[in-house]
Amino acid sequence: MANTTQISKDELEELREAFCKVDLDSNGYISDFELHDLFKEANLPLPGYKVREIIQKLMNEGDKNKDGKISFEEFVFLVQELKSSDISKSFRKAINRKEGICAIGGTSELSSEGTQHSYSEEEKYAFVNWINKALENDADCKHLVPMNPNTNDLFRAVGDGIVLCKMINLSVPDTIDERAINKKKLTPFTTHENLNLALNSASAIGCHVVNIGAEDLKSGKPHLVMGLLWQIIKIGLFADIEISRNEALAALLRDGETLEDLMKLSPEELLLRWANHHLENAGWQKISNFSSDIKDSKAYFHLLNQIAPKGKKEGEEAIAINMSGFNEKDDLKRAELMLQQSDRLGCRQFVTPADVVSGNPKLNMAFVANLFNRYPALTKPVNQDIDWTLLEGETREERTFRNWMNSLGVNPHVNHMYNDLQDALVILQLYEKIKVPVDWNKVNKPPYPKLGANMKKLENCNYAVDLGKHPAKFSLVGIGGQDLNDGNPTLTLALIWQLMRRFTLNMMSDLGDGSKVNDEIIVSWVNKTLSDAGKASSIQNFKDKTICTSLPVVDLIDAIQPGSINYDLVKTGSLTDEDKHENAKYAVSMARRIGARVYALPDDLVEIKPKMVMTVFACLMGRGMKKV
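A brief structural summary. (Residues numbered from 1 in each chain as written. Predicted model: local features only at pLDDT ≥ 70, side-chain atom pairs only at ≥ 80, totals over all residues. Heavy atoms only, no water.)

A count of helices and strands for the protein chain gives 27 helices and two strands. The buried share of the protein chain, taken over its 628 residues, is 52%. Here the analysis covers contacts within the protein chain between residues at least 6 apart in sequence; of these, 60% occur between residues at least 24 apart. A total accessible area of about 28,700 Å² is found for the protein chain, and carbon and sulfur atoms account for 48% of it. (Helix = DSSP H or I, 4+ residues; strand = E, 2+ residues; numbered from the N terminus. Buried < 20%, exposed > 50% of the residue type's maximum accessible area, 1.4 Å probe, protein only. Contact = heavy atoms within 4.5 Å. Areas by Shrake-Rupley, 256 points an atom, 1.4 Å probe, with all protein chains shown as cover.)

Before going further, it helps to examine helix α8 (residues 162-171). Along α8, nine of the ten residues are buried, which leaves the element largely enclosed by surrounding structure. Those residues of α8 not exposed but buried are Ile162, Val163, Leu164, Cys165, Lys166, Met167, Ile168, Asn169 and Ser171. Packing partners of the buried residues in α8 comprise α6 (121-135), α7 (153-157), α9 (188-204), α10 (214-218) and α11 (222-238).

Further remarks concern the environment of glutamate 178. Looking at the secondary structure, you find glutamate 178 in the loop between α8 and α9. Counting along the chain gives 13 residues from glutamate 178 to cysteine 165, while the straight-line C-alpha distance between them is 8.6 Å. Setting aside residues no more than four positions away along its own chain, glutamate 178 makes contact with Asp140, Lys166, Asn169 and Lys183. Of note is the side chain of glutamate 178, whose polar atom sits 2.9 Å from the side chain of lysine 166. (Polar contact = N/O pair within 3.5 Å; in protein donor to acceptor, adjacent residues only side chain to side chain.)

The next thing to look at is the packing of helix α22 (residues 489-506) against helix α27 (residues 610-624). In contact at an axis separation of 10 Å, α22 and α27 are set at 15 degrees when each is read in the N-to-C sense. On the basis of their axis angle, the class for α22 and α27 is roughly parallel. Viewed along their axes, α22 and α27 form a crossing whose handedness is left-handed. Counting all contacts with α22, which are made through Trp497, Met500, Arg501, Thr504 and Leu505, the residues of α27 involved are Lys611, Met612, Met614, Thr615, Ala618 and Cys619. (Axes fitted to C-alpha atoms, helices over the stretch in contact; angles between N-to-C directions. Parallel < 35°, antiparallel > 145°, perpendicular 65-115°, else oblique. Left-handed = near helix turned anticlockwise from the far one by under 90°.)

Below, the discussion takes up unusual backbone geometry. Most peptide bonds take the trans configuration, and most residues that are not glycine carry a negative phi. A cis amide bond links proline 446 with the next residue in sequence, proline 447, at an omega value of 5 degrees. In this structure, proline 447 sits in the loop between α19 (425-433) and α20 (453-469). The omega torsion of the bond from histidine 470 to proline 471 falls at 15 degrees, within 30 degrees of zero and hence cis. Note that proline 471 resides in the loop between α20 and α21 (481-486). Of note in the backbone geometry, lysine 185 takes a positive phi value of approximately 45 degrees without being a glycine.

What follows deals with the pattern of salt bridges. As enumerated under the stated definition, the model contains 29 salt bridges in all. Two residues, lysine 124 and glutamate 121, come together in a salt bridge whose shortest N-O distance is 3.2 Å. Pair noted here: lysine 124 and glutamate 121 are both in helix α6, with a separation of three residues, about one helical turn. (Salt bridge = Lys/Arg side-chain N within 4 Å of Asp/Glu carboxyl O.)

On to the packing of aromatic side chains. All told, the structure shown has eleven aromatic pairs when counted by the stated rule. For the pair tryptophan 274 and phenylalanine 372, a centre-to-centre distance of 5.3 Å together with 90 degrees between the ring planes defines the contact as edge-to-face. Pair noted here: tryptophan 274 is in helix α13 (residues 267-281) and phenylalanine 372 is in helix α17 (residues 361-374), with a separation of 98 residues, a long-range link. For tryptophan 274, a relative accessible area of 0% corresponds to the buried category. Given a relative accessible area of 2%, phenylalanine 372 falls into the buried group. Seen in terms of ring centroids, tryptophan 284 and phenylalanine 326 are 5.5 Å apart; in terms of plane orientation they differ by 85 degrees. Their pairing is edge-to-face. (Phe/Tyr/Trp six-rings, centres within 6.5 Å; stacked < 30°, edge-to-face > 60°.)

This part covers a negative patch on the surface. Taken together, the side chains of Glu260, Asp261, Asp385 and Asp387 make up a negatively charged region of the molecular surface. Note on placement: aspartate 387 falls in the loop between α17 and α18 (396-407). Relative accessible area serves as the criterion here: at 42%, aspartate 387 is assigned to the partly exposed category. (Patch = residues over 30% accessible without salt bridge, like charges linked within 9 Å, V, L, I, M, F, W, Y side chains within 5 Å. Lys, Arg positive; Asp, Glu negative; His and termini not counted. Charge placed at Lys NZ, Arg CZ, Asp CG, Glu CD.)

In a regular helix each residue adds 1.5 Å, so 18 residues correspond to 26 Å; α22 covers 25 Å between its end C-alpha atoms and thus fits that length. Listed as buried for α22 are Thr492, Leu493, Leu495, Ile496, Trp497, Gln498, Leu499, Met500, Phe503, Thr504 and Leu505. On its buried face, α22 sits against α18, α19, α21, α23 (519-532) and α27. By the N-cap criterion, in which a side-chain oxygen at the helix start approaches the backbone nitrogen of a residue two or three places on, α22 is capped by asparagine 488, the distance to threonine 490 being 3.2 Å. (Expected span 1.5 Å × (residues − 1).)

This part takes up the state of the cysteines. For the structure on display, the rule yields zero disulfides. Cysteine cysteine 165 shares no disulfide, and the gap to the nearest cysteine sulfur, in cysteine 141, comes to 9.7 Å. According to the relative accessible area criterion, cysteine 165 is buried, its value standing at 0%. (Disulfide = S-S within 2.5 Å.)

Position of serine 266 relative to the elements: it lies in the loop between α12 (259-263) and α13. Setting aside anything within four residues of it in sequence, one finds serine 266 in contact with Asn415 and His416.

Before going further, it helps to spend a moment on the nonpolar core. Grouped together as the largest cluster of nonpolar side chains are 174 residues, with contacts concentrated most on Trp274, Tyr431 and Ile522. When near neighbours in sequence (up to four residues on either side) are disregarded, isoleucine 522 contacts Leu505, Met508, Val517, Phe542, Met614, Phe617, Ala618 and Met621. (Core = buried A, V, L, I, M, F, W, Y, C linked by side-chain atoms within 4.5 Å.)

Their axes nearest at 10 Å, the elements helix α14 (residues 298-307) and helix α15 (residues 331-344) cross at an angle of 15 degrees. Judged on the interaxial angle alone, α15 and α14 are roughly parallel. The interaxial crossing formed by α14 with α15 has left-handed handedness. On the side of α14, the interface is formed by Lys298, Tyr300, Phe301 and Leu304, while α15 contributes Arg334, Leu337, Met338, Gln341 and Ser342. Tallied by class, the residues present in the contact of α14 with α15 amount to five nonpolar, two polar and two charged. (Nonpolar A, V, L, I, M, F, W, Y, C, P; charged D, E, K, R; others polar.)

Here it is as structure tokens:
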């Protein structure tokens, strides 16, 4: 085993951070599946079987105690050994590309612990310009915007939480009640509240914010600020690249495909198909990525020419794209001429000519997503045999569960609730989040063989159900692995709900007397806390009719943190539906502001959805007991 004492403190800390990023399920070990994911990111020009051979070799050499998992100490040994191997460069490049660690061509910052972190200057420049444009007319941000993209203004600007809250609302409207944001005469305490509100709200929309605290943002730690901002911006950019929200995307159907096939594609895959749809119409070759394939800007010229308004619709002004720059010999000059044309469409965001020529994948994808959002140039198919009944859209419950899973950093990212769970890999990662051990040696991991792929996925689903029955002891009567594999909505949600419920209750598992938390204990704690604070409200259970007013929630927040609620903003008496919704919006945002990681939505309180109501009170109980 390599002697870790021979490694510098800075390098050891860097490796520790890399290990945590590679350790996708955060169980303290790296599995062969996670190593395979890392090699995929490294873009190694090797066939699948060769990658598997390398992984097996690394597992044999790095996994010293032969337990099928690599610990941090073994990981250090592995990296040391790789320094002299022919795959070292690609391996290390992949580690460095993991989100939140560093970016090629970035600038390094030293943290207080002496660990070197890096971030991309190009991405900082792009994010600052995007935020400046988005918030240029927001009176609450006049003290911060516009920021200078060439300085560290961004890292100072996020320090009071206002910009982050505003950007979250731009990505997912009405996530944060504006009344809950502290905007005037800010103090260290009210600033901390804003940052809590931003972090907990970011988590609620599906951002992975584990290991990011209010103090990290207040001090403007660049790599954490950049990582969080990209997640927020990406969620907003990709919001409408979803067929249930944009039926015109059905125009991207290929021969022999059904709407269900299209619905299985991720936003990134849909965006690439959209670009290729227009490139094909232009008679230009397709692209396979937003990095190397767009470096010469020629595909972009054709894409802009295809999507530019033609003036055929009433009130639409035609914009003719000047294609003369297409023949420019110099790549950088050609990119600048292309961006001048995109500027005429109001879409010169995210990339500079250098970003195009260097093929920055993140910024180029953002650039194309913005083009899609502004000028999709698609028409919903008519007179075709398309089953439009499939496009019911995501329910509120499904969205809440999906955001919860993504906020925990599951891999792969869950874009579609049922399609993305059909191999149970995400579900198995969730088991580990609730402290149910998973034997990853029993799990089939991608890439799955062409023949028998579904059987491999079904075996995973059967294992997931077995774990639910024992040791998790969930109620899974009538639920089998086939139901998960088939994407049965009702039965899949039944399992996911029990996972989320256990996760929520685990936050309060240590009551000091060995008791396990259940609904009755939560209700009892809520009523005692309300009574001790002199509040008139109370609840009988999570179906109590008074919950629709949100008054018990508001009172509980004020009982936990006295003086936090501005009762002038709370509607009482005979309430209209609008009054109830306003109270619920305020209650949810204020719960997040005082530090409760609430995933439920205002409508869950208004409609008294018992499951989600339970999570609200449980999270507040955890906050009140200072367990979370």
